[in-house]
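Residues per chain, in single letters:
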Amino acid sequence: MVKVRVWDLPLRVFHWALALCVLALVVTGNVGGEAMVWHFRFGYAVLSLLVFRLLWGFSGGHWARWSTFRISPGAVVAYLRHPPEQAQPGHSPLGSLSALALLGMLLLQVATGLISDDEIATAGPFVPWVSSSLSALATHWHTETGKLILLLLVALHLAAIWFYRRFKQRRLTQVMVTGDQVLAQAQPASRDDAGQRWKGLFLFGIAAACVAALLQFAP
């Protein structure tokens, strides 16, 4: 058995920061009222994290890169027909699809939130840029349909973690904390040195600056 660094520190920080932000968004969105100020702030934080993840998918550690995501129909079918008995590094084909679905839904939720308007006290910063009908459609998606789909995807993600822990004795949460995975044979390791971590911090700064710049265009 070989211990391999699969998840680099910037990716791990991204993962847990995103989870905390999503939890905070659900809480503040349900509380409403003055909590909506923080709802928007956490939404901007999620958008910054998503931009960072996009960039990190091209420059992060080996297993953080988009090129390692196995999402072709052939890979998915092969995985379903013959699931590997031993732990595999990175995302499985189903895990790759799940991760992309979560990231895509979060991006859609943020985008619709920016043009949502409850017509009472809360409106997204870019509501004046769109028609009332588009804003109403975005509001319904953001508060109803999209929210439900996102929560279902999160529940599916948690169920998968429980399944692997219960039936395959694989602690996926622990791997996302330590970054290391015990494998049956040596695999390429993700670079996770000081230089890589500074690069991750720099790219997150760029992502946050891009979001801040975008908000400057709000009417």
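Conventions used here
Residues numbered from 1 in each chain as written. Predicted model: local features only at pLDDT ≥ 70, side-chain atom pairs only at ≥ 80, totals over all residues. Heavy atoms only, no water. Phe/Tyr/Trp six-rings, centres within 6.5 Å; stacked < 30°, edge-to-face > 60°. Helix = DSSP H or I, 4+ residues; strand = E, 2+ residues; numbered from the N terminus. Buried < 20%, exposed > 50% of the residue type's maximum accessible area, 1.4 Å probe, protein only. Core = buried A, V, L, I, M, F, W, Y, C linked by side-chain atoms within 4.5 Å. Contact = heavy atoms within 4.5 Å. Salt bridge = Lys/Arg side-chain N within 4 Å of Asp/Glu carboxyl O. Axes fitted to C-alpha atoms, helices over the stretch in contact; angles between N-to-C directions. Parallel < 35°, antiparallel > 145°, perpendicular 65-115°, else oblique. Nonpolar A, V, L, I, M, F, W, Y, C, P; charged D, E, K, R; others polar.

Asker: Got a minute to help me understand the packing of aromatic side chains in this structure?
Answerer: We describe a pair of aromatic rings using the distance from one ring centre to the other and the angle between the two ring planes. All chains considered together, the criterion is met by ten aromatic pairs. For the pair Phe-52 and Phe-204, a centre-to-centre distance of 6.3 Å together with 75° between the ring planes defines the contact as edge-to-face. One end of the pair, Phe-52, is in helix α2 (residues 36-59); the other, Phe-204, is in helix α7 (residues 194-215), and 152 residues separate them in sequence. The class for Phe-204 is partly exposed, based on a relative accessible area of 30%. For the ring pair Trp-162 and Phe-167, a centre distance of 5.7 Å and an interplane angle of 90° mean the geometry is edge-to-face.

Asker: It is not clear to me how unusual backbone geometry should be interpreted in this structure. Could you clarify?
Answerer: Note: most peptide bonds trans; most residues except glycine with negative phi. With a phi close to 60°, Glu-119 is a non-glycine residue in the positive phi region. Position of Glu-119 relative to the elements: it lies in the loop between α4 (93-114) and α5 (132-167). A positive phi angle is found at Gln-169, which is not glycine, with a value near 55°. Note that Gln-169 resides in the loop between α5 and α6 (172-178).

Asker: Where do I start with the nonpolar core in this structure?
Answerer: When a protein is soluble and globular, its nonpolar side chains tend to lie buried together. Residues Trp-7, Phe-14, Leu-18 and Val-46 are the most contacted members of the largest nonpolar core, which totals 31 residues. Looking at this core, the elements that each hand over two or more residues are α1 (9-31), α2, α4, α5, α6 and α7. Every residue in contact with Trp-7, bar those within four places of it in the chain, is listed here: Arg-12, Trp-63, Ala-64, Gly-90, His-91, Val-175, Met-176, Gly-179 and Asp-192.

Asker: Could you clarify how one ought to interpret the pattern of salt bridges in this entry?
Answerer: Side chains carrying opposite charge are able to pair once their charged atoms draw close together. Overall, the coordinates contain five salt bridges when judged by the stated rule. We note a salt bridge from Arg-12 to Asp-192, for which the minimum N-O separation is 3.0 Å. Of the two residues, Arg-12 is situated in helix α1 and Asp-192 in the loop between β2 (180-183) and α7; the sequence distance between them amounts to 180 residues. Taken as a pair, Arg-12 and Asp-192 share a single burial class, namely buried.

Asker: Mind showing me how you'd approach the side chain of Ser-96 here?
Answerer: For Ser-96, the location among the structural elements is in helix α4. Given a relative accessible area of 0%, Ser-96 falls into the buried group. Apart from residues lying up to four places away in sequence, Ser-96 is in contact with Phe-69, Arg-70, Ile-71 and His-91.

Asker: Is there a simple way to think about the packing of helix α3 (residues 73-81) against α4 in this case?
Answerer: Packed helix pairs are specified by the crossing angle of their axes together with the interaxial distance, meaning the distance between the axes. In contact at an axis separation of 8 Å, α3 and α4 are set at 125° when each is read in the N-to-C sense. Of the possible angle classes, the one that applies to α3 and α4 is oblique. Two secondary-structure elements touch here, α3 through Ala-75, Val-76, Tyr-79 and Leu-80 and α4 through Pro-93, Leu-94 and Leu-97. For the contact of α3 with α4, the residue count by class is seven nonpolar, no polar and no charged.

Asker: How do you make sense of the environment of Val-46 when you look at a structure like this?
Answerer: One can find Val-46 in helix α2. If near-sequence neighbours (up to four positions away) are discounted, Val-46 is found in contact with Leu-18, Cys-21, Leu-25 and Val-110.

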